[in-house]
Each structure stands twice: as structure tokens, then as C-alpha cells.
Amino acid sequence: TRTSRPQRILKAVQTKATVGDPQSVITAIDHFCRHREWAMNVGDEKGSILDSVVNEVSPVTVLELGTYCGYSTVRIARLLPPGACVITLEFNPDYAAIARQVIKWSGLEDKVQLVEGASGDWIPWMKEHFGVQAFDLVFLDHWKERYLPDTKLLEECGLIQKGTVLLADNVICPGTPDYLEYVRNSPHYNSQYYRSHLEYTKAEDGLEKSVFLGY
Ligand SMILES: O=C(NCCCCCn1ccc2cnccc21)c1cc(-c2ccc(F)cc2)cc(O)c1O
Ligand SMILES: [Mg+2]
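Here goes a summary of the coordinates provided.

1. Examining the nonpolar core
In terms of nonpolar packing, the biggest core is built from 41 residues, with I9, I29 and I76 touching the most fellow members. Those elements that provide at least two residues to this core are α1 (5-16), α2 (22-35), α3 (43-57), α4 (71-77), α5 (93-106), β3 (112-116), β4 (137-140) and β5 (165-168). Among residues more than four places away in sequence, those in contact with I76 are L50, V54, V62, E64, V86 and F139. Counting 27 residues, the second largest nonpolar core, distinct from the first, contains V115, V138, L154 and V183.

2. Things to note about the packing of helix α8 (residues 147-156) against helix α10 (residues 177-185)
In the contact formed by α8 and α10, the axes pass within 7 Å of each other and the chain directions differ by 40°. With respect to α10, the element α8 is oriented oblique. Judged by residue contacts, Y147, L148, T151, K152 and E155 of α8 engage D178, Y179 and Y182 from α10. Of the residues contributing to the contact of α8 with α10, the split by class is 4 nonpolar, 1 polar and 3 charged.

3. Let's talk about the coordination of the magnesium ion (ligand 2)
Protein-derived ligands of the magnesium ion (ligand 2) are D141 (OD), D169 (OD) and N170 (OD1), with the metal-ligand distances lying across 2.0 to 2.2 Å. For the magnesium ion (ligand 2), the donor residues sit on a single chain with the sequence spacing D-x27-D-N. Taken as a pair, D141 in the loop between β4 and α8 and D169 in the loop between β5 and α9 (171-175) lie far apart in primary sequence, 28 residues in all. Residue D169 is classed as buried on the basis of its relative accessible area, which comes to 0%.

4. Considerations on the layout of surface pockets
Considered as a void within the structure, the largest pocket measures approximately 520 Å³ in volume. Forming the boundary of the largest pocket are 30 residues, of which M40, G66, D141, H142 and W143 lie nearest the centre. Broken down by secondary-structure element, the contributors of at least two residues to the lining of the largest pocket are α4, β2 (85-90), α6 (119-122) and α9. Split into classes, the residues belonging to the lining of the largest pocket amount to 14 nonpolar, 10 polar and 6 charged.

5. Thoughts on the pattern of salt bridges
Counted under the stated rule, the structure contains 15 salt bridges. Close ionic contact of R8 with E37 constitutes a salt bridge, the shortest N to O distance being 2.5 Å. Taken together, the positions of R8 in helix α1 and E37 in the loop between α2 and α3 put the pair 29 residues apart, joining distant regions of the chain. The same class applies to R8 as to E37, namely buried.

6. Some remarks on the sheet that holds strand β6 (residues 189-197)
Ordered in space as β3-β2-β1-β4-β5-β7-β6, the 7 strands form an open sheet in which the pairing is mixed. Each end of this open sheet is capped by a strand with a single partner; those strands are β3 and β6. Each strand of the sheet is rotated relative to its neighbour by a mean of 15°, with strand direction disregarded. Two elements, strand β1 (residues 61-65) and β2, share 5 bridges in a ladder whose sense is parallel. Looking at β2, one finds that L63 is bridged to I87.

7. Digging into the pairing of β1
Most of β1 sits out of view: 5 of its 5 residues are buried. Of the two faces of β1, both are covered, the one formed by T61, L63 and L65 as well as the one formed by V62 and E64. As for the winding sense of the linkage, the β-α-β connection from β1 through α4 to β2 is right-handed. Here β1 pairs with β4 via 4 bridges, running parallel. Considered in β4, the bridge of L65 is made with L140.

8. Remarks on the site of ligand 1
Not every one of the 19 residues close to ligand 1 is listed here, only the nearest: S119, D141, K144, N170 and E199. Here an oxygen atom of ligand 1 sits 3.2 Å away from a polar atom, N or O, in the side chain of D169. Within the complex, 79% of the 680 Å² of free accessible area of ligand 1 lies under protein. For ligand 1, the cavity whose grid points lie within 2 Å of the majority of its atoms is the largest pocket. Among the secondary structure elements, those contributing two or more residues to the shell around ligand 1 are β2 and α9.

So, how was this worked out
- Residues numbered from 1 in each chain as written.
- Chains lettered and ligands numbered in written order.
- Predicted model: local features only at pLDDT ≥ 70, side-chain atom pairs only at ≥ 80, totals over all residues.
- Heavy atoms only, no water.
- Core = buried A, V, L, I, M, F, W, Y, C linked by side-chain atoms within 4.5 Å.
- Buried < 20%, exposed > 50% of the residue type's maximum accessible area, 1.4 Å probe, protein only.
- Helix = DSSP H or I, 4+ residues; strand = E, 2+ residues; numbered from the N terminus.
- Contact = heavy atoms within 4.5 Å.
- Axes fitted to C-alpha atoms, helices over the stretch in contact; angles between N-to-C directions.
- Parallel < 35°, antiparallel > 145°, perpendicular 65-115°, else oblique.
- Nonpolar A, V, L, I, M, F, W, Y, C, P; charged D, E, K, R; others polar.
- Donors = N, O, S within 2.8 Å, 3.2 Å for Na, K, Ca; no water.
- 1 Å grid on protein atoms, 1.4 Å probe; cavity = no way out; pocket = protein on both sides within 12 Å on 5 of 7 lines; lining within 4 Å.
- Points joined across faces, edges and corners; volume = space filled by probe spheres on them.
- Salt bridge = Lys/Arg side-chain N within 4 Å of Asp/Glu carboxyl O.
- Pairing = 2+ DSSP bridges.
- Right-handed = clockwise from strand over helix to strand, strands pointing away.
- Near = heavy atom within 4 Å.
- Polar contact = N/O pair within 3.5 Å; in protein donor to acceptor, adjacent residues only side chain to side chain.
- Areas by Shrake-Rupley, 256 points an atom, 1.4 Å probe, with all protein chains shown as cover.
- Sits in = over half its atoms within 2 Å of the grid points.

Okay, structure coming up:
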């Protein structure tokens, strides 16, 4: 049967990128998705904003919700110092299988923990299972209607502490209106919008960065 889009993305990485060179993996995926087939990676434009936030936060522990093919996982992990890691959660086992291979091709598997499952099921276990105290950075890029409930769940589980940065993709397209309303109106968050475009298109989209101020 026909290959899947994630399988075609992996093939582009394996034919165009150099093993152990994360930037070449990023470039190969962006080229394929801009010139061959659109795919829901954060992309190069919003990816540069993601890079700047990772560099600014210098996180030791990152949570990524929504791995897809591992594009943003590689963007984040390539900027992490030794000892820092990103835990990335993917619901779809086929996406997860592709992402593992993309992450391995980039040579960053030692900085990444890929977990398969749903955010609502896994977040309550993060402390116990991974020995995480709190996350320094959370990148939200999964089901858009889960951004708000999962943020509240992370708060309840003590995984968000003073200074934790939430960075949310797609706050305009497809859009996360309830999440935006919450972080922009809560006295416990300092929020700012980074205007950009939907990956590989001219449509408006952007990232919302929200810093938790403590209780
Ligand atoms: O839907 C998007 N992403 C989510 C994919 C599914 C995540 C599933 N999942 C992963 C971890 C996880 C944990 N718990 C529960 C569920 C979980 C998405 C869509 C668009 C998009 C699409 C069409 C269009 F016309 C315009 C824009 C662009 C993006 O950048 C996106 O990110
Ligand atoms: Mg996205």
C-alpha cells in the first residue's frame, strides 16, 4: 500500500540529511515540506522563534506535547547542554515510530525520551516515572482542545513552577481560543504573542509564550 506522509518525510531525511547532523535533518524536512508535501511541523519560521525561546530559557527539563515526526524535538534537543533532556509525548504509534528514527538520524537520542500515549494519562505520572520536579519549558503542539485542560493538569500535578515557560504552537491556526483567554487573563501568567505564519504558508499563525509567575 501507499507509504504514509511521515514515512516519506523519514525517507527525505535518510536521503538528504547527514547522520549526526541535526541542522541537516531540519533543513531536509523543511525543504521536503515546502517543495513536496505540506506537513504539520512547526517549520522554519516559527522554529526560529522556538530556538530563541529555548536559548533564552536554557532549560534542563523540557516537555513537548506532540512529537509528530520529531522535527521540533530535534530543534529543541540540538540546543540543549549535556545533562538536559526533552521528554516528548506522542499519541499516534506510527508517528512515534518515525520520530524515533528521525531523532536517531540526528544523533540526539541521548537527549530525548519519547513516550507513547495521551497527555491526560501520562502527565499525572511524570514526576514518579521520570523523576521530574518541574518542567523549565513546555512546548504545546498536540490536540488544540487539550492545551487548556493539560495546562491545568500540569499545574495541579506541580509540574509547573515559578519561572516555567509555556510555549504554544498554533494559537491562531488551527487556534486555541480557550487556552489563549486563560493564559492572557490569568494573574499567574505573563503572556506574549509572537506573530508568525502557519508552517510553509502565508496564513497567519503564531506562538504564545507564557511565563508562570507563581501562586
Ligand atoms: O493538529 C495539529 N497538531 C496535533 C496533531 C495530533 C496530536 C496528537 N497528540 C500528540 C501527542 C498527544 C498527547 N495527548 C493527546 C494527543 C496527542 C496541527 C494542525 C495544523 C494544521 C492542520 C491543518 C490546517 F489546515 C492548518 C493547520 C498545524 C499544526 O502546526 C499542528 O500542530
Ligand atoms: Mg503545530
